[in-house]
Amino acid sequence: MRHPGGPGPLTGYLWMTMRLTHVRAAGAVAAALLSTTLANAQCPGDLDASGAVDGADLGVLLGAWGCSGACPGDLSNDGFVDGTDLGLMLAAWGTCPPSSPAAEVPLAAVSLAAWPWASWVDTFNSNGSVGIAIDPAQFPDAAGRAALLWVVEDRSPAEWAANAALSDARPAGPQSITCPSGSIQGNVLSLNVSGLVAGNGDAPARGYDLVVDLDQDGTLSPGDLIDGRDGGAGFWWTKDIAALGPYTTAQIASYDVNDADIIDSMELERIYYPTNAPGLRPIVAISHGNGHNYTWYDYLGNHLASWGFVVMSHQNDTVPGIASATVTTVEHTESFIDQHATMGGGVLAGKVDVDRIAWIGHSRGGESVTYGYDRLFDGTFTSPSYGLADIRCVIAIAPTDFLGTASANPHAVPYMLLYGAADGDVCGCPDSDIADSFNLYERAVGLRHSTYVHGADHNDFNCCGINDFAGPTGTAIGSTAAQSVAKASILAMIRRSMFDDRAMEEFLWRQNESLRAIGQSSTITVVREFKPSPSTASPIDDFQANTATTVSTSGGAVNATGVTNLIEALANDANTTFTWVTTDPWNGSVRNRTTDSSRAGVFDWTAAGSITWSVPASLADFSKPRALSFRAAQGTRHPNTTAALGDLDLTVTLTDTNGLERSIRIGTLGGGIEEPYQRSGFGTGAVGWQAEFETVRILLGDLNSGGGAFDLSSIATVTFRVGGADGSAQGRLLIDDLLLEN
Amino acid sequence: MTTFLAALALATVPPSIPAPAPERPAAAPPTQAPSDLAPIPATPAAPIAIVAVQPFTIAQPYTHRFRKDGSEFATGHLIVLRAEAGLVQPRQVAEPVLCVGSQTAERLWSDPAKGLIVAIVPTWTERTADGTERPGDPAVDLVYFATPELPERVDATWIAAERARAEAALAGGTLRKAASREVVRHARLDAASQDALITRAAELLPDPSIR
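Residues numbered from 1 in each chain as written. Chains lettered and ligands numbered in written order. Predicted model: local features only at pLDDT ≥ 70, side-chain atom pairs only at ≥ 80, totals over all residues. Heavy atoms only, no water.

**So, the overall build of chain B**
Alright, step 1. Each helix and strand counted, chain B has four helices and twelve strands in total.
Alright, step 2. By residue count, 48% of the 211 residues in chain B fall in the buried class.
Alright, step 3. The long-range share in chain B, meaning contacts at least 24 apart out of those at least 6 apart in sequence, stands at 70%.
Alright, step 4. For chain B, the accessible area works out to roughly 10,100 Å², and carbon and sulfur atoms hold 56% of it. (Helix = DSSP H or I, 4+ residues; strand = E, 2+ residues; numbered from the N terminus. Buried < 20%, exposed > 50% of the residue type's maximum accessible area, 1.4 Å probe, protein only. Contact = heavy atoms within 4.5 Å. Areas by Shrake-Rupley, 256 points an atom, 1.4 Å probe, with all protein chains shown as cover.)

Right under this line is the structure:
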């Protein structure tokens, strides 16, 4: 019986799928059918996959002439090898047309509750699952088709060019799937992750490439879909970065460096190191705060050592002040480098990478590591043992800002700020710049990240400091929970900075609702900021130039409709209270001194409105950058903020030069702009504390979801739509750093 | 080659991001938990009492880091003070600078619960009313907590201004000089080094458990 219908464009695929199914089902291999596994799916008559339809193929066809059922040469897929097939072969006679390579497409994804229905991220926790989003609209050739889904150990482009054979990393091998039809909505598949190994030596994440093997030939071949061939992995399968890493650790509990450059009473160090890690290990130095102790950071020392770092925590001369503390920071670093080979009987000899150093400082120590970098930058401190380039990142935990703009300045070093919203000491209070940690963060001009933890206080980030919690009753998360956040975010930052670990980068910018360490409780609220190095981002508007509200940094027009009180200026709370008054539009933005320069925009609304940025032609191609990002914070104690507490939502719309739009509600990506921590003080009435800037990073590839004629390569405007049907009914937002990120 | 059944592959739930929680109406502000970190009292302030004083010498002089214009010293006093917690508590923001006469003190240890501070006061000179000079004595001269600042940033001019404020407050009755009637005067300590001095200073503490 002949099948109804004629041959369609998928004949070759269907034919081969049937053959493979047959072989597997029968459990036998027929020599006559073996060659069919070579068939070129892009050139159906090319039965031997030689790149041409020629006599050899004709021989195969004639050899099967009259065959019925599963037969080689049944090009019409009607169950018979006959004149119809011969006609198709002759029509295709000659060299096959050039075939396109397998397409590099995003596959690994998380599903979203609203359009674009999926976000093609790369990092996944190994206690969860991996979504596979094959958008039927973008890849119609795959829609509805059976395929094999392969998970292959991450290969470089060169490795893929040299070896296209697929080898599945899972014990059970590739997974049969049916690519979804219709819409991606509700059709994100789940990767079978059974047996998938997470982590790779020091690296918490192991990279895998994903292949949708549409012709099911076990080879990456034209027509297949791949995620991860063109650089980076298709996805990263990640261990718990809040948990101990792969190495066992040991400790030199107290070592006296006896250095003439360090005052006698400040010469002790505690050293944590991995005992079984191969090769040279980077250095992490920890500088404690005032009244703190170098022995108070075992949680962090052991954690980082277990992930392959040699950690040195030293006595820090904080009581006289920051300059004194900075001397101990820079000199202990030098002493450690100079003496490590003999410490502990030589256990570190030949095992320390003195060219990779991270500095971590807490409170006054956080300022001392920042000032230490500034001194290296300015040349007021030099060392024969290390230099500016060896400091790969600086991490400040609730630092003070005694020294101000010129000296408490991270310059372009990758910089991280870790801060607890209930800090009762370096409180972020409006009456003193010294207590405003974010001043230092705003001065950082390189890659930078902040982790802002609700319910954590200053001394939650060490073992033994006084309970300084200053927040709403019942919101304290305690030191164990705070330290789980600290361990994860610090590890992610150091690995991103030292090793360009892109798997870890997602822990620095994805909304906490979307990605957090496995060991971090889901009930902890964490607000994240991330800004890449200027070399990898182009500002559409960062408010630093073209200071009129009608012109963006990039020179395009800015048009505001329906919103009120739009201004841009230095983002500096100008009085000493957090009480909302119209004369202090930057209320809560304790992020600048008057000598600083970080500007931002702010506006509010109680009805539908929008702000539209015209995109200059030089930036109009959004198809190349990876993301469109911005940061925003709710206005502290503003009536619109307090009238309806919650994460604040809005819609971002891109319009191409043909007038076609794509819009995404930022809440879809994980909660929107965080509801302010409900801390009181420095004013009366409504509560709320310092501005909690949060980065929203929209992956531009997500906006292709659903296909269509929308043209990412020619974007005319970016619009923030607020109120009405586009998000929160009312609100006040501080906004900044509208960037295209590569 | 082994394959899974498609049905099995779809049996697990793909990762997803939850929809945002709805906003909620404003409610009464939550109760704020009190911090254990005592607020800083107004300055100038005085200790409650001078508990102990011990003159010392050290064989290896070292630089007094608790003032911008500090110089090397080889003699001075160890002192133990009792003060209210807000003055004793170490903190990251500026602390009231501990001064004795025209000298700043180096805070060594503190115990807010017991209200104790142990400090080093390098030798300084006091000018008397008749214009002559005498060595300063912590058991006699004014001990006070000055304006919060980093000690490494203060100099003689700053100290003089703070001292004048303290003396004015004393004269005006808003500052009460620390009690020193029961001060324990120890015999001179001759230490070899800063480390040795600090170690011996611990012996001044009335309760060893706070060391």
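Further notes follow.
**Quick notes on the sheet that holds strand β22 (residues 526–531) of chain A**
Residue and element names in this part refer to chain A.
Alright, step 1. Pairing is mixed across the open sheet formed by nine strands, whose spatial order is β14-β15-β17-β16-β18-β19-β20-β21-β22. A strand with exactly one partner marks an edge of an open sheet, and here the two such strands are β14 (249–256) and β22. Here the average twist between neighbouring strands, direction ignored, is 15 degrees.
Alright, step 2. Relative to strand β21 (residues 448–453), strand β20 (residues 415–420) runs parallel, the two being bridged by six bridges. Counterpart to L418 in the pairing with β21 is T451.
Alright, step 3. Those strands touched by helix α10 (residues 478–499) are β16 (281–287), β18 (352–362), β19 (391–397), β20, β21 and β22, and its axis lies near 160 degrees from that of β19. (Pairing = 2+ DSSP bridges. Axes fitted to C-alpha atoms, helices over the stretch in contact; angles between N-to-C directions.)

**Some thoughts on empty space enclosed by the protein**
Residues and elements named next belong to chain A.
Alright, step 1. This structure, assessed with the given rule, holds eleven cavities of 30 Å³ or more.
Alright, step 2. Each pocket or cavity is described by its volume, and for the largest cavity that value is around 130 Å³.
Alright, step 3. Every residue lining the largest cavity is counted, 14 residues in all, and those nearest its centre are W509, R510, Q511, L669 and R697.
Alright, step 4. A breakdown of the residues in the lining of the largest cavity according to their chemical character gives seven nonpolar, four polar and three charged. (1 Å grid on protein atoms, 1.4 Å probe; cavity = no way out; pocket = protein on both sides within 12 Å on 5 of 7 lines; lining within 4 Å. Points joined across faces, edges and corners; volume = space filled by probe spheres on them. Nonpolar A, V, L, I, M, F, W, Y, C, P; charged D, E, K, R; others polar.)

**What to know about the environment of H340 of chain A**
Residue and element names in this part refer to chain A.
Alright, step 1. Relative to the assigned elements, H340 resides in the loop between α7 (322–339) and β18.
Alright, step 2. Leave out the neighbours within four places in its chain, and H340 touches S335, L348, A349, V352 and V354.
Alright, step 3. Looking at H340, its side chain comes within polar contact range of the main-chain oxygen of I337, at 2.8 Å. (Polar contact = N/O pair within 3.5 Å; in protein donor to acceptor, adjacent residues only side chain to side chain.)

**Focus: the packing of α10 of chain A against helix α11 (residues 502–509) of chain A**
How two helices pack is summed up by the angle between their axes together with the distance between the axes.
All names here are of chain A.
Alright, step 1. The contact between α10 and α11 brings their axes to 8 Å, and the two run at 130 degrees. For the element pair α10 / α11, the angle class is oblique. Crossing handedness for the pair α10 and α11: left-handed. Residue-level contacts link S489, A492, M493, R495 and R496 of α10 to R502, M504, E505, F507 and L508 of α11. (Parallel < 35°, antiparallel > 145°, perpendicular 65-115°, else oblique. Left-handed = near helix turned anticlockwise from the far one by under 90°.)

**Examining the interface of chain A and chain B**
Alright, step 1. Facing the 77 residues of chain A at the interface are 51 residues of chain B.
Alright, step 2. Buried surface at the junction of chain A and chain B, both sides included, amounts to about 5,000 Å², of which 55% is carbon and sulfur.
Alright, step 3. The largest per-residue losses of area from chain A upon contact with chain B belong to P320, D425 and I466 of chain A, which jointly make up 11% of the total buried on that side.
Alright, step 4. Summed over the shared surface of chain A and chain B, the result is one salt bridge.
Alright, step 5. D317 of chain A is paired through a salt bridge with R65 of chain B; the nearest N and O atoms lie 2.5 Å apart.
Alright, step 6. In this structure, the connection of chain A to chain B is made through 25 residue pairs in polar contact (both at pLDDT 80 or more).
Alright, step 7. At the level of elements, β4 (108–111), β8 (146–153), β9 (175–178), β10 (189–190), α7, α12 (639–643) and β29 (644–645) of chain A are the ones that each hand at least two residues to the side of chain A that touches chain B.
Alright, step 8. Partitioned by chemical class, the residues of the side of chain A that touches chain B number 33 nonpolar, 33 polar and eleven charged. (Buried area = accessible area lost by both parts, 1.4 Å probe. Salt bridge = Lys/Arg side-chain N within 4 Å of Asp/Glu carboxyl O.)

**Some remarks on the packing of aromatic side chains**
Alright, step 1. Applying the stated rule across the entire model yields 18 aromatic pairs over all chains.
Alright, step 2. Between Y419 of chain A and Y452 of chain A the ring centres are 5.7 Å apart and the planes differ by 5 degrees, which places this aromatic pair in the stacked class. One end of the pair, Y419 of chain A, is in strand β20; the other, Y452 of chain A, is in strand β21, with 33 residues separating them in the sequence.
Alright, step 3. Ring geometry for Y62 of chain B versus F73 of chain B: centroids 4.7 Å apart, planes at 55 degrees, classification tilted. (Phe/Tyr/Trp six-rings, centres within 6.5 Å; stacked < 30°, edge-to-face > 60°.)

**Here we look at the environment of V121 of chain A**
Residues and elements named next belong to chain A.
Alright, step 1. Looking at the secondary structure, you find V121 in the loop between β5 (118–119) and β6 (123–125).
Alright, step 2. Among the residues examined, V121 registers a relative accessible area of 3% and is labelled buried.
Alright, step 3. When the C-alpha positions of V121 and A52 are compared, they lie 40 Å apart, and in sequence the two are 69 residues distant.
Alright, step 4. Those residues in contact with V121 that sit more than four places away from it in its chain are A108, A109, V110, E506, R510 and L699.

**Comments concerning the packing of helix α6 (residues 298–306) of chain A against α10 of chain A**
Residue and element names in this part refer to chain A.
Alright, step 1. α10 packs onto α6 with a crossing angle of 40 degrees between their chain directions and a minimal axis gap of 10 Å. Classified by the angle between their axes, α6 and α10 sit oblique to one another. The two elements α6 and α10 cross, and the hand of that crossing is right-handed. Together, Y299, L300, H303 and L304 of α6 and Q483, A486, K487, A488, I490, L491 and I494 of α10 make up the contact between the two elements.
Alright, step 2. Of the residues assigned to the contact of α6 with α10, the class counts are eight nonpolar, two polar and one charged.

**Here we look at unusual backbone geometry**
Alright, step 1. Between W115 of chain A and P116 of chain A the backbone carries a cis peptide bond, its omega angle lying at 10 degrees.
Alright, step 2. Tracing the backbone shows P116 of chain A in the loop between β4 and β5.
Alright, step 3. The omega torsion of the bond from T43 of chain B to P44 of chain B falls at 5 degrees, within 30 degrees of zero and hence cis.
Alright, step 4. Here P44 of chain B lies in the loop between β1 (24–25) and β2 (49–63).
Alright, step 5. We note that Q216 of chain A has phi near 55 degrees; this positive angle belongs to a residue other than glycine.
Alright, step 6. With respect to the secondary-structure elements, Q216 of chain A resides in the loop between β11 (205–213) and β12 (225–227).

**Remarks on the state of the cysteines**
Residue and element names in this part refer to chain A.
Alright, step 1. Scanning the entire structure with this criterion turns up two disulfides over all chains.
Alright, step 2. Put simply, C427 and C429 are joined by a disulfide, and their sulfur atoms are 1.9 Å apart. Across the S-S bond of C427 and C429 the torsion is about -140 degrees, and the bridge reads as left-handed. The pair formed by C427 and C429 is uniform in burial state, with each residue classed as buried.
Alright, step 3. Sulfur-sulfur distance for the disulfide between C463 and C464 comes to 2.0 Å. In this structure, the disulfide formed by C463 and C464 twists by about -100 degrees around the S-S bond and is classed as left-handed.
Alright, step 4. Classification of C464 by relative accessible area gives partly exposed; the value is 45%. (Disulfide = S-S within 2.5 Å.)

**Section: the pairing of strand β13 (residues 235–238) of chain A**
Sheet faces and side chains relate simply in a regular strand, where the side chains alternate between the two faces.
Residue and element names in this part refer to chain A.
Alright, step 1. Here β13 shows two buried faces, one formed by F235 and W237 and the other by W236 and T238.
Alright, step 2. Here β6 runs beside β13; their pairing, made up of three bridges, is parallel. Directly across from T123, in β13, lies its bridge partner W236.
Alright, step 3. By the bridge criterion, four bridges tie β11 to β13 in an arrangement that is antiparallel. Of the residues in β13, the one forming a bridge with Y208 is F235.

**Thoughts on the sheet that holds strand β7 (residues 131–132) of chain A**
All names here are of chain A.
Alright, step 1. One open sheet accounts for four strands, arranged β5-β4-β7-β10; its pairing is antiparallel. Edge positions in the sheet fall to β5 and β10, since each has one partner strand and no second.
Alright, step 2. Across two bridges, β4 lies against β5 in antiparallel orientation. Residue pairing across strands places V110 opposite S119, the latter belonging to β5.

**What to know about the confidence of the model for chain B**
All names here are of chain B.
Alright, step 1. Here chain B averages 87 in pLDDT, while 88% of its residues score no lower than 70.
Alright, step 2. Confidence scores differ between elements of chain B, with helix α1 (residues 6–9) showing the lowest mean pLDDT of 42 and strand β5 (residues 103–104) the highest of 98.
Alright, step 3. Reported confidences for the modelled complex are a pTM of 0.88 and an ipTM of 0.90. (pLDDT = per-residue confidence, 0-100.)

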